[in-house]
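# Observations on the model geometry
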Amino acid sequence: MAALSTAVVIALGMRSLGLVAIPLFMVPLVLMRFAMQQEERINAARIQTVAALSQMTDLAGYTEAGHARRVALLCSRVGTAMRLTEEQLGALESATLLHDIGQVSLGAPIPAGATVDAAPRDQQRIADEGAAIAAQAGATEQVVNIIEQQAMPFRRLVEEGEPLTMPARILKVCNAYDDFSHGDPTKHDNAILRLRLGLGYEYDPEVVEALARVIAGDEVAAAVQ
């Protein structure tokens, strides 16, 4: 579309400017292409940084291997079911992969890396430290906000009107689910039960039910196979 519109402008400009119109109107197009290539390189570098940082807590023994990936996959599926935009889903994935990076600030690892079992103050400290690290690594403001808000109880939105984005609510629920189940399908029922015990206080009921539907769909698919 840019090339086509530029060609039209050049054709019109040549009537009054002659051949000078060609380089004159081509320069913005070339600069735009250069800017796009630069943005692609920056995005690629950001993706590589997120991937590297996401493995740091596993390698350092702060979290269980595969935890971040499991939560990221679950967040993506729940987010899709709840009709998040592509931009929101992308930010949610990056935030999920980095959501535990703040644990490196702790004096000692949390057992099994389960932040859901940590004290509320420690949960918020992990979220704040993680958001700061993500910001320093070049994460977008949207990603940083999701990481920072992940520890906020749902009641803060309902009772106090605190801004709590849907991606952050999804991350909180999916992270807690994996902390409860540790990726073990046989622990699904207990994990969902524990989430429902915190409905309206810790967790967004709408997100919990969306997660339950996603998991139920997996069980039906497995039974059919």
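See the structure printed just above.
Residues numbered from 1 in each chain as written. Predicted model: local features only at pLDDT ≥ 70, side-chain atom pairs only at ≥ 80, totals over all residues. Heavy atoms only, no water.

Attention shifts here to the nonpolar core. One finds V78, I170, Y177, L195, Y203 and L211 to be the most contacted residues of the largest nonpolar core, which totals 42 residues. Only α4 (67-81), α5 (86-98), α6 (120-136), α7 (141-149), α9 (166-181), α10 (188-197) and α11 (205-224) provide two or more residues apiece to this core. Top element by residues in this core is α9. It accounts for nine residues. Apart from the residues lying within four places of it in its own chain, the contact partners of Y177 are L74, H188, A191, I192, L195, L211 and I215. (Core = buried A, V, L, I, M, F, W, Y, C linked by side-chain atoms within 4.5 Å. Buried < 20%, exposed > 50% of the residue type's maximum accessible area, 1.4 Å probe, protein only. Helix = DSSP H or I, 4+ residues; strand = E, 2+ residues; numbered from the N terminus. Contact = heavy atoms within 4.5 Å.)

The subject of this paragraph is the side chain of N175. Along the chain, N175 falls in helix α9. Looking at N175, the relative accessible area reads 6%, which means it is buried. Looking at N175, its side chain comes within polar contact range of the side chain of H99, at 2.9 Å. For N175, the residues in contact, after removing those within four places along its chain, are H67, V71, H99, D100 and T115. (Polar contact = N/O pair within 3.5 Å; in protein donor to acceptor, adjacent residues only side chain to side chain.)

When the terminal C-alpha atoms of α6 are compared, their 24 Å separation across 17 residues agrees well with the 24 Å that a helix rising 1.5 Å per residue should span. Taken residue by residue, α6 has Q123, I126, A127, G130, A131 and A134 as its buried positions. The buried side chains of α6 occupy one side of the element, clustering within an arc of 130° when seen end-on. Away from its buried face, by an angle of more than 90 degrees, α6 presents the exposed residues R121 and Q136. Where α6 terminates, the next one or two residues include G138, which has phi positive at roughly 95°. (Expected span 1.5 Å × (residues − 1). Arc of directions from axis to C-beta.)

Applying the stated criterion to the full structure yields eight salt bridges. Between E160 and R156 there is a salt bridge whose closest N-O contact spans 3.6 Å. Taken together, the residues span about one helical turn, with E160 and R156 both in helix α8 (residues 155-160) at a distance of four residues. Residue E160 is classed as partly exposed on the basis of its relative accessible area of 48%. (Salt bridge = Lys/Arg side-chain N within 4 Å of Asp/Glu carboxyl O.)

The next point concerns the environment of L84. Among the structural elements, L84 can be located in the loop between α4 and α5. Classification of L84 by relative accessible area gives buried; the value is 12%. With 83 residues separating them along the chain, L84 and P167 place their C-alpha atoms 8.1 Å apart. Apart from the residues lying within four places of it in its own chain, the contact partners of L84 are G79, L89, L92, M166, P167 and I170.

Here R213 is to be found in helix α11. For R213, a relative accessible area of 56% gives the class exposed.

Glancing now at the packing of α4 against α9. Orientation of α4 relative to α9, taken along the N-to-C sense of each, is 135°, at an axis distance of 9 Å. Accordingly, the angle class assigned to the pair α4 and α9 is oblique. Along this stretch, α4 crosses α9, giving a crossing that reads as right-handed. On α9, the residues touching H67, R70, V71, L74, C75, V78 and G79 of α4 are I170, L171, C174, N175, Y177, D178 and D179. For the contact of α4 with α9, the per-class residue count stands at eight nonpolar, three polar and three charged. (Axes fitted to C-alpha atoms, helices over the stretch in contact; angles between N-to-C directions. Parallel < 35°, antiparallel > 145°, perpendicular 65-115°, else oblique. Left-handed = near helix turned anticlockwise from the far one by under 90°. Nonpolar A, V, L, I, M, F, W, Y, C, P; charged D, E, K, R; others polar.)

By themselves these figures say nothing about function.
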